[in-house]
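The lines below spell out each chain.
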Amino acid sequence: MGRPKLAIQVPCTHCQILVWRQPCKLKLAQEIFCSKQCQGAYRERPLADRLWEKVDRSGGPDACWPWTGSRTKQGYGQISFGHNERLYTHRVAYELTHGILLPGFWVLHHCDNPPCCNPHKCLFPGTQLDNIHDATEKRRIAFGINHWNAKLTDIDVQEILNLRGVVSTTIIARRFHISTGHVSNIHNNKVRIHREQ
């Protein structure tokens, strides 16, 4: 193949032969191949080999091991598998080390570093609900007055709690422009649990 205008030489990901590519068409951590045969041979390698070669384990066993390959917009590593399927690298790393997870289980991060793939120190199994509780506990999810859809301030919530048993939930709901169900949920500590500061 001839040399395109404004091109640089980059090594084939599989065989390391230098090929010409235009810099504007290259992406960070992109796999480059000199032929379809090299691309097919590279993708046929075992998943474990393809995963661990792109995990940076230089920090030692207690550090985060970031994925250096392609990532999602949220920063999670992804690796191709089969025909046009992409898997999260932290889940693959965990399952290769600890075994396949049951359906409904996710792989969560102690370190809150999305590209991290350290299955010994940073990753642990959990459900979607566990993930939400973990994110809320670590203040990664906005709640209360900081939530984008909040209608009540902490003072409003305290006032609703103080009005319990004094006036009906219908009157409270009208006063604060919320539903009676929302008032009941506040009274029963199901939403916007008021904490003394």
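Keep in mind that this is a model prediction, so the values were computed, not measured.

With respect to the environment of Ile32
With respect to the helices and strands, the residue Ile32 is situated in the loop between strand S2 (18-21) and helix H1 (36-44). Residues Ile32 and Thr72 lie 40 residues apart in sequence; the distance between their C-alpha atoms is 19 Å.

Quick word on the state of the cysteines
Scanning the model with the defined rule gives zero disulfides in all. Free cysteine: Cys64, not disulfide-bonded; nearest cysteine sulfur from Cys111 at 3.6 Å. Accessibility expressed as a relative area gives 28% for Cys64, which makes it partly exposed.

Here's the deal with a nonpolar patch on the surface
A cluster of nonpolar side chains, Leu129, Ile132 and Ile141, forms an exposed patch at the surface whose accessible area comes to about 250 Å². Mapped onto the fold, Leu129 is located in helix H4 (residues 128-137).

Quick notes on the pairing of strand S1 (residues 8-11)
As a general feature of sheets, a regular strand has side chains that alternate between the two faces. Here four bridges tie S1 to S2, and the two strands are oriented antiparallel to one another. Across the sheet, the residue bridging to Pro11 is Leu18, located in S2. Here S1 folds back onto S2, and the loop between the two strands holds six residues, one of which, Gln16, carries a positive phi near 70°.

Looking at the pattern of salt bridges
Here the idea is simple: oppositely charged side chains can pair when their charged atoms come close. Across all of its chains, the model carries eight salt bridges by this definition. Lys121 is the partner of Asp62 in a salt bridge, and the nearest nitrogen-oxygen pair spans 3.6 Å. Of this pair, Asp62 sits in the loop between helix H2 (47-52) and strand S3 (78-81) while Lys121 sits in the loop between strand S5 (106-109) and strand S6 (123-126), placing them 59 residues apart in sequence. On the basis of relative accessibility, which here comes to 57%, the residue Asp62 falls in the exposed class. Lys121 sits in the partly exposed class, given a relative accessible area of 46%. The closest approach of N and O atoms between Asp134 and Arg140, which form a salt bridge, is 3.2 Å.

Here's the deal with the confidence of the model for the protein chain
Chain-level pLDDT for the protein chain is 87 on average; 91% of the residues reach the 70-or-more range. Within the protein chain, the lowest mean pLDDT, 84, falls on H1, and the highest, 97, falls on helix H3 (residues 89-98).

Here's the deal with the packing of helix H5 (residues 154-162) against helix H6 (residues 169-176)
Packing of H5 against H6 leaves a shortest axis separation of 11 Å and a crossing angle of 160°. Between H5 and H6, the angle is such that the two are roughly antiparallel. Crossing of H5 over H6 shows right-handed handedness. Mapping the contact onto sequence places Asp156, Glu159 and Ile160 in H5 and Ile172, Arg175 and Phe176 in H6.

Some thoughts on the packing of aromatic side chains
This structure, assessed with the given rule, holds three aromatic pairs. An angle of 85° between the planes, with centres 6.3 Å apart, marks the rings of Trp52 and Trp65 as edge-to-face. A residue pair is termed long-range when its members are at least 10 positions apart, and Trp52 in helix H2 and Trp65 in the loop between H2 and S3 qualify at 13 residues. Accessibility classification places Trp52 together with Trp65 in one group, the buried group.

Digging into unusual backbone geometry
Here the phi dihedral of Asp112 falls at roughly 55°; this positive angle occurs in a residue that is not glycine. Look at Asp112 and you get partly exposed, because its relative accessible area is 32%. Its identity as a non-glycine residue notwithstanding, His177 has a phi of 60°, on the positive side. Here His177 shows up in the loop between H6 and helix H7 (180-187).

Cut-off values and rules
- The residue count restarts for each chain, going from 1 along the sequence in the order it is written.
- This being a predicted model, a pLDDT of at least 70 is required before a residue's local features are given, and a value of 80 or more before pairs of side-chain atoms are given or counted; all residues contribute to the totals for chains, interfaces and linings.
- Excluding hydrogens and water, the side-chain values take into account all heavy atoms of the structure.
- Helix and strand definitions here come from DSSP, where helices need a minimum of 4 consecutive H or I residues and strands a minimum of 2 consecutive E residues; each element is numbered from the N-terminal end.
- Here, two cysteine sulfur atoms that lie within 2.5 Å of each other are counted as a disulfide.
- Note on exposure labels: buried denotes an accessible area under 20% of the residue type's maximum, exposed denotes more than 50%, and partly exposed covers the range between, all computed with a 1.4 Å probe on protein chains only.
- Residues enter patches when they are more than 30% accessible in relative terms and free of salt bridges; like-charged ones are connected within 9 Å and nonpolar ones (Val, Leu, Ile, Met, Phe, Trp, Tyr) within 5 Å.
- Each accessible area is a Shrake-Rupley estimate made with a 1.4 Å probe; only the visible protein chains count as cover when residues are assessed.
- Salt bridge, as applied in this entry: a Lys or Arg side-chain nitrogen positioned within 4 Å of an Asp or Glu carboxyl oxygen.
- When DSSP finds two or more bridges between two strands, those strands count as paired.
- pLDDT is a residue-level measure of predictor confidence that goes from 0 to 100.
- Fitted lines through C-alpha atoms give the axes, limited to the stretch in contact for helices. The angle between two N-to-C directions lies from 0 to 180 degrees.
- In this scheme, roughly parallel covers angles under 35 degrees and roughly antiparallel covers those over 145, while 65 to 115 is roughly perpendicular and the rest are oblique.
- Here a crossing is called left-handed whenever its near helix is offset anticlockwise from the far helix by less than a right angle, and right-handed whenever the offset is clockwise.
- We call two residues contacting when some pair of their heavy atoms lies within 4.5 Å.
- Stacked, tilted and edge-to-face are the three classes applied to pairs of Phe, Tyr and Trp rings, where Trp contributes its six-membered ring and a pair requires centres within 6.5 Å; stacked means planes under 30 degrees apart, edge-to-face means over 60, and tilted covers the rest.

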